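Working through the structure, step by step
Here's the letter readout for the chains.
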Amino acid sequence: TECVSGCVCPEGLFDDGRGGCVEQKDCPCIHNNEWYSSGDKIKVDCNTCTCQKGVWKCTDDVCYGTCMIYGSGHYNTFDGKFYDFDGSCEYVAVQDFCGDKNSSGSFSIITENVPCGTTGVTCSKAIKMFLGKTELKLENKESKEIQRHIGDDVQYWNRTVGLYLVIEASNGVMLIWDKKTTVFIKLSPDYKGKVCGLCGNFDDKANNDFTTRSGLLDTNPLNFGNSWKQSPMCPDVTQEIKPCDLKPHRKSWAEKECSIIQSEVFKICHSKVNPLPFYEACVHDACSCDSGGDCECFCSAVAAYAQECIKAEACVFWRTPDICPIFCDYYN
């Protein structure tokens, strides 16, 4: 009924989202709120995606899956679901024995969580890795091997890489531990959809990762986490802990320190890996670590984001003599 002022593209041309008009073949693509021109390539996990006529066309190589457990109860599953679970007990992080009667399973990784700080949040203190008849216990910055009588022989190798202890097994399981509270578990594509535990089921769908031990799908991370505890004697977690509400005097310090994740320092990475969940996890940890180890909690939280940036091919130099320094000569 009436004219509305504004701009439109001439017929046959398309709005490119940047205030210009282009032909269809030159349409840009969007990824993590960043615009990419036609022909641009980006890496997503182990695949390369090319922008063609406004649509991403990706290679479909099958990639290794990575699950990350770090700080005070932060989990990023194989399928990329981010959630928090603060339980004080031993929990199944991942195993390949998931209710199939014919399978005895070839491995299982258990994380032992203990309170860190006075607010009730928990951190991973020790990891047990069962490979056939070998049990490896990672605790106090070192690994111990225990031989059991049942199970197959599974070969494994361990080596130190920079800050990390890496354990690689012949069955396609790899564990990377920073000797503190961060664990990365990498699985070969053969395990897709065949694993279970706190790290999810590795079937490329994040919406069914909260599958409990009994095989039911839950929406609540607490029910899901409780189902994977190793001992029925441990108490269930009934409420999510919000350490910044319990320790409000630490909140502004935590937000100030953690703002590095959202700052210019990490700008190159923001379009590749969403910083928000990592920032929130950092604030959570910086509020909760109130019985010593303040810096360790903060540094582990920022390092977790930096690690994801490196995976996405965004190399960030964030450590300085003032922020989480590392004595390189010692680690070299």
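Residues numbered from 1 in each chain as written. Predicted model: local features only at pLDDT ≥ 70, side-chain atom pairs only at ≥ 80, totals over all residues. Heavy atoms only, no water.

1. A word on the sheet that holds strand 5 (residues 41-44)
Adjacent strands of a sheet pair through backbone hydrogen bonds, lying either parallel or antiparallel. Cut-off, in case you're wondering: Pairing between strands requires that DSSP locate at least two bridges from one strand to the other. Runs of E in the DSSP output that reach at least two residues are strands. Runs of H or I that reach at least four are helices, and both are numbered from the N terminus. Helix axes are fitted to C-alpha atoms over the stretch in contact, other axes to C-alpha atoms as well, and angles between N-to-C directions run from 0 to 180 degrees.
What the 3 strands build is an open sheet, ordered 5-6-7; its pairing is antiparallel. Two strands bound the open sheet, and with one partner strand each, they are strand 5 and strand 7 (55-58). Along the sheet, successive strands turn relative to each other by an average axial angle of 35°, direction set aside. Examined bridge by bridge, strand 5 and strand 6 (residues 47-52) share 4 bridges and lie antiparallel to one another. Within the sheet, the bridge partner assigned to K43 lies in strand 6 and is T48.

2. Things to note about the domain arrangement of the chain
Put simply, the test is: Segment limits for the domains were obtained from an automatic or database-derived domain assignment.
Taken as a whole, the chain is organised into domain 1 (13-58), domain 2 (65-227) and domain 3 (243-312). Of note, the centres of domain 1 and domain 2, computed from C-alpha atoms alone, are 37 Å apart.

3. Points about a nonpolar patch on the surface
As a reminder of what qualifies: Only residues whose relative accessible area exceeds 30% and that take part in no salt bridge are eligible for patches, with like-charged residues grouped when within 9 Å of each other and nonpolar side chains (Val, Leu, Ile, Met, Phe, Trp, Tyr) grouped when within 5 Å. A 1.4 Å probe and the Shrake-Rupley method give the accessible areas. Residues count as covered only by the protein chains that appear here. In the sections that follow, a salt bridge refers to a side-chain nitrogen of Lys or Arg positioned within 4 Å of a carboxyl oxygen of Asp or Glu.
On the surface, a cluster of nonpolar side chains totalling about 400 Å² of accessible area is made up of F327, Y330 and Y331. Looking at where Y331 falls in the secondary structure, it is placed in helix 7 (residues 328-331).

4. Looking at the packing of aromatic side chains
We count it as follows: Only the six-membered ring of Trp is used, alongside the rings of Phe and Tyr, when aromatic pairs are assigned; centres must lie within 6.5 Å, and planes under 30 degrees apart are stacked while those over 60 apart are edge-to-face, with the rest tilted. Three exposure classes are used, based on accessible area relative to the maximum for each residue type with a 1.4 Å probe and protein chains only: buried under 20%, partly exposed in between, and exposed over 50%.
With the rule as written, the count across this model stands at 13 aromatic pairs. Note on Y36 and W56: the rings are 5.5 Å apart at their centroids and 65° apart in plane angle, and the pair reads as edge-to-face. Here W56 lies in strand 7 and Y36 lies in strand 4 (residues 34-36), a separation of 20 residues in the sequence. Taking relative accessible area as the criterion, Y36 reaches 12% and is therefore assigned buried. Taken together, the aromatic side chains of Y70, F82, F266, F278 and Y305 make up a single cluster linked through ring pairs.

5. Examining the pairing of strand 6
Hairpin connection, strand 5 to strand 6: the antiparallel pair is bridged by 2 residues, and D45 has positive phi, about 60°. In this structure, strand 6 lies alongside strand 7, joined through 4 bridges in antiparallel fashion. Among the inter-strand pairings, C51 is bridged to a residue of strand 7, identified as W56. Counting the residues that bridge the hairpin from strand 6 to strand 7 gives 2 residues, and of these K53 lies at a positive phi of roughly 50°.

6. Re the side chain of T77
Quick reminder of the rule: Contact definition: two residues touch when any of their heavy atoms are within 4.5 Å.
Here T77 is to be found in the loop between strand 9 (74-76) and strand 10 (82-84). Other than its neighbours up to four places away in sequence, T77 contacts T66, C67, Y83, L198, C199, G200 and D209.

7. Topic: the state of the cysteines
Note the following rule: By definition, disulfides here are pairs of cysteine sulfur atoms that lie within 2.5 Å.
Within this structure, the stated rule accounts for 13 disulfides. Across a sulfur-sulfur distance of 1.7 Å, C289 and C297 are joined as a disulfide pair. Classification of the bridge connecting C289 and C297 rests on its S-S torsion, roughly -70°, and on that basis the disulfide is left-handed. Between C3, a cysteine without a disulfide, and C7, which holds the nearest cysteine sulfur, the sulfur-to-sulfur distance is 14 Å. Residue classification places C3 among the exposed residues on the basis of a relative accessible area of 77%.

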